[in-house]
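Remarks on the overall topology
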Amino acid sequence: MNRKVEQSRLQLPRRVILKAIVVGAAAKLPLSALSETEHSTPIRDLTAASAVRLAGAIRRREVSCVEVIDAYLLRIKALNPTLNAVVQLNPNARDAAAAADRALRKRDHLGPLHGVPITVKDSFDTAGIITTSGTTGRRSFVPSRDATAVARLRAAGAIVLGKTNTPELTLSYETDNLVYGRTNNPYDVSRTPGGSSGGAAAAIAAGLSALDLSSDTGGSIRVPSHFCGIAGLKPTSGRIPRTGHIISWEGVFQPFTQPGPIARFVEDLMMVFPILAGPDGRDTWIVPAPMKNANVVSLRGLRVCFHGDNGIRSPNATCIQSVRTAAEALTAAGCVVEEFSPGELASTYNLGNRLWRAAGSATVRRLLAASGTTEVSPPLRSWLNAPPSAPPEDWTDLLEQFDRARSRMLGLFDRYDAILCPPCAYTPLEHGATQREDLDSGFSYSEVFNYLGWPAAVVRCGTTESGLPVGVQIISSPWREDIVLALARTLESALGGWRPPRL
């Protein structure tokens, strides 16, 4: 049953005295960081503009930070009761905007996101704002400090508007939980926005936020971006710290999870990604790998392979056609494109799934126990009924098989620079359909690249006959987010990208 968010949680915040603004190294990033993509034309609709355009308009003082925050708060008030995407508001958001306006007048600590309103997936800790991760044991949990990724965005000048809905512990493609209830797709409320960043995707598509900090363990950024017609980036495993995220950096499954941005426009992914990346001195797996600039990627001669069917689950015709349309657009842009499906996809996917089955249930039990949760949502109940972990001999053999498969897959990049394929075998599904076992393998298109740890993005490239969005997924080799983003921006420009829902 869909539970309405309590009205008190989403009332417009009252004026209160601002106690603190999070600042850090990123707050002093040069304003020239946006010079290549900044727009100067007036913004007609603040809630439809890109974060890049908002940041530029704020810096030029064409619009105040308070005006921008108020526009988003009013839109949340108008549309969120239908969508249930934003589940907590930051009571200090408006005061933070007023402080940002004062800082702007003084030209003091102006980061690249100065005054830009963002939302944060409810799986990330946010100081002073309830963070439930969709589990009842954390219903009233208020963190004392921000997750690393949240702190970096605040330090860059972003203002946290509130939190977006997620399934319990982020472990479902249906955004529904026992704390806040179900989130609806803004293009058709009878359908899911996907998961686990479904609240984020619905909010961004409907203009309730300029961008969202999300996370992806098995497609949790890319499937909702596909279902809601927006842009999302899952970076390379080891790029962005998981410190302060419900699924953190400990354990054998840590390579599968990466934080990443969701936005309406690819230029916003390009702006935010460098702010989020790099070691924090806590997450032991983060690599200080060089950041490459998507703006200097030459598409001429870039080698791209595409497949509509991964040999695991055949997609519907609309998903396949969108990939072919995208392949044609990249060919026109100068890429060398050919149809090819890597033969190791199915075996890598199967090995990754076996790892989850062998030890995932124990991980879930520990997370629930640490949260103090006793009442569990339906998607997680199957985890609790799963068999115990495999014996050491089987477990170590499985890990070795998995690593060998991942190594063989890396050989693909001797021949190609990027891969194009569906993010999922389905266009937006009706509520509850993502829980059907017979449809589960359709999410292999995103899950397998979590197992591999490669960077991947999704951008809208098509529309169903009934008007639902259709995304295409772009993947490249480790640490080459620049290629992924350059191709995503090209497809967005050629095929239209985000289109506002008719709410």
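Everything that follows concerns the structure shown earlier in this document.
Residues numbered from 1 in each chain as written. Predicted model: local features only at pLDDT ≥ 70, side-chain atom pairs only at ≥ 80, totals over all residues. Heavy atoms only, no water.

The next point concerns the packing of aromatic side chains. Working definition: an aromatic ring pair is given by the centre-to-centre distance plus the angle between the planes. All chains considered together, the criterion is met by 13 aromatic pairs. Each residue in the set Phe253, Phe256, Tyr349, Trp356, Phe402 and Tyr451 is aromatic and connected to the rest through ring pairs, giving one cluster. In this arrangement the basic side chain of Arg264 is found over the ring face of Trp498, its NZ or CZ atom lying 5.5 Å from the centre. It is Arg415 that lies over the ring of Phe340; its NZ or CZ is 4.6 Å from the centre. (Phe/Tyr/Trp six-rings, centres within 6.5 Å; stacked < 30°, edge-to-face > 60°. Lys NZ or Arg CZ within 6 Å of the ring centre and 35° of its normal.)

Where helix α4 (residues 148-155) contacts helix α7 (residues 266-276), the axes come no closer than 9 Å and their chain directions differ by 115 degrees. Remark: the crossing between α4 and α7 carries right-handed chirality. For the pair α4 and α7, contact is made by Ala149, Arg152 and Leu153 and by Val272, Ile275 and Leu276, respectively. (Axes fitted to C-alpha atoms, helices over the stretch in contact; angles between N-to-C directions. Helix = DSSP H or I, 4+ residues; strand = E, 2+ residues; numbered from the N terminus. Left-handed = near helix turned anticlockwise from the far one by under 90°. Contact = heavy atoms within 4.5 Å.)

Read across the sheet, 11 strands follow the order β1-β3-β2-β4-β6-β5-β10-β11-β9-β7-β8 without closing on themselves; strand pairing throughout is mixed. The strands lining the two open edges of the sheet, one partner per strand, are β1 (86-89) and β8 (336-339). Within this sheet the neighbouring strands show an average axis-to-axis angle of 25 degrees, counted without direction. Bridge count for strand β10 (residues 456-463) against strand β11 (residues 469-476) is 7 bridges, and the pairing is antiparallel. Bridge pairing in β11 places Gly462 opposite Val470. (Pairing = 2+ DSSP bridges.)

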